[in-house]
Amino acid sequence: MNAPTRSAEAQALAAYAEEAWEQRIVPALTDYIGVPAKSPMFDADWAAHGLLDRVVVDAARWVESRKVAGLKLEVVRLPGRTPVIFFDIPATRAGPTDTVLLYGHLDKQPEFNGW
């Protein structure tokens with residue numbers, strides 16, 4: 001059985017995705033992984049160390065660099081609490097009523113051996 005051939009549009013999209021992955025996403029993730037920004041449970045002096053602020057600022061810059069139309073981004077800082085990135089992107093079609101919420105975190109667990 002012959003595999004279906006891809007259209008030129010699908011090939012271009014695949015090439016774009018591969019280039020984005022290799023040139024922008026992997027380097028950003030590699031930089032992020034290298035920062036030991038531990039959660040407050042594992043770093044009582046997290047605020048003084050500034051590592052959580054660093055990864056939040058880096059992540060916010062990365063999001064902003066995508067130049068997504070209508071993006072509104074804010075880094076929220078409250079005394080004694082870890083910083084939070086909040087961003088909103090409007091729908092691309094007129095009239096949608098659904099909302100999508102994504103949640104994640106940038107702090108890390110301590111290093112360990114195993115697996």
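Residues numbered from 1 in each chain as written. Predicted model: local features only at pLDDT ≥ 70, side-chain atom pairs only at ≥ 80, totals over all residues. Heavy atoms only, no water.

*Asks:* Can you help me understand the overall build of the protein in this one?
*Replies:* Counting secondary structure elements, the protein contains 3 helices and 2 strands. Helices and strands in the protein line up, N terminus first, as α-α-α-β-β. Overall, the protein is about 60 × 45 × 25 Å in size when its C-alpha atoms are taken along their principal axes. Residues classed as buried in the protein amount to 12% of the 115 residues present. Contacts in the protein between residues far apart in sequence, at least 24 positions, make up 47% of those at least 6 positions apart. Carbon and sulfur atoms make up 58% of the accessible area of the protein, which totals about 9800 Å². Positive and negative charge centroids in the protein, built from 12 and 15 side chains respectively, lie 3 Å apart. (Helix = DSSP H or I, 4+ residues; strand = E, 2+ residues; numbered from the N terminus. Buried < 20%, exposed > 50% of the residue type's maximum accessible area, 1.4 Å probe, protein only. Contact = heavy atoms within 4.5 Å. Areas by Shrake-Rupley, 256 points an atom, 1.4 Å probe, with all protein chains shown as cover. Lys, Arg positive; Asp, Glu negative; His and termini not counted. Charge placed at Lys NZ, Arg CZ, Asp CG, Glu CD.)

*Asks:* Before we go on, may I ask you to explain the pattern of salt bridges in this structure?
*Replies:* Taken as a whole, this structure holds 4 salt bridges when the rule is applied. Between E111 and K38 there is a salt bridge, and its shortest N-O distance comes to 3.5 Å. Of this pair, E111 sits in the segment after β2 (84–88) while K38 sits in the loop between α1 (8–33) and α2 (46–49), and the two are 73 residues apart along the sequence. You can call E111 exposed: its relative accessible area is 59%. (Salt bridge = Lys/Arg side-chain N within 4 Å of Asp/Glu carboxyl O.)

*Asks:* When you look at the side chain of S39 in this model, what are you seeing that I'm missing?
*Replies:* Along the chain, S39 falls in the loop between α1 and α2. Every residue in contact with S39, bar those within four places of it in the chain, is listed here: D107 and K108.

*Asks:* Looking at this structure, how should I read the environment of W62?
*Replies:* Within the secondary structure, W62 is located in helix α3 (residues 51–65). For the pair W62 and R24, spaced 38 residues apart in sequence, the C-alpha to C-alpha distance is 9.3 Å.

*Asks:* Just checking my understanding: could you explain the packing of aromatic side chains for this structure?
*Replies:* What characterises a pair of aromatic rings is the spacing of the ring centres plus the angle enclosed by the ring planes. Tallied over the full model, the rule gives 0 aromatic pairs. Here K108 stacks its cationic end above the ring of Y32, 4.1 Å away from the centre of that ring. (Phe/Tyr/Trp six-rings, centres within 6.5 Å; stacked < 30°, edge-to-face > 60°. Lys NZ or Arg CZ within 6 Å of the ring centre and 35° of its normal.)

*Asks:* Is there a simple way to explain α3 in this structure?
*Replies:* Helical periodicity: at 3.6 residues per turn, an α-helix aligns residues three or four positions apart in one direction. Compared with the 21 Å implied by 1.5 Å per residue over 15 residues, the 21 Å span of α3 between its first and last C-alpha is a close match. Among all positions of α3, only L52, V55, V56, A60 and V63 are buried. Projected onto a plane normal to the axis of α3, the buried residues spread over an arc of 135° and lie on a single side. Among the structural elements, α1, α2, β1 (72–76) and β2 are those in contact with the buried residues of α3. Two residues or fewer after α3 comes K67, characterised by a positive phi angle close to 55°. (Expected span 1.5 Å × (residues − 1). Arc of directions from axis to C-beta.)

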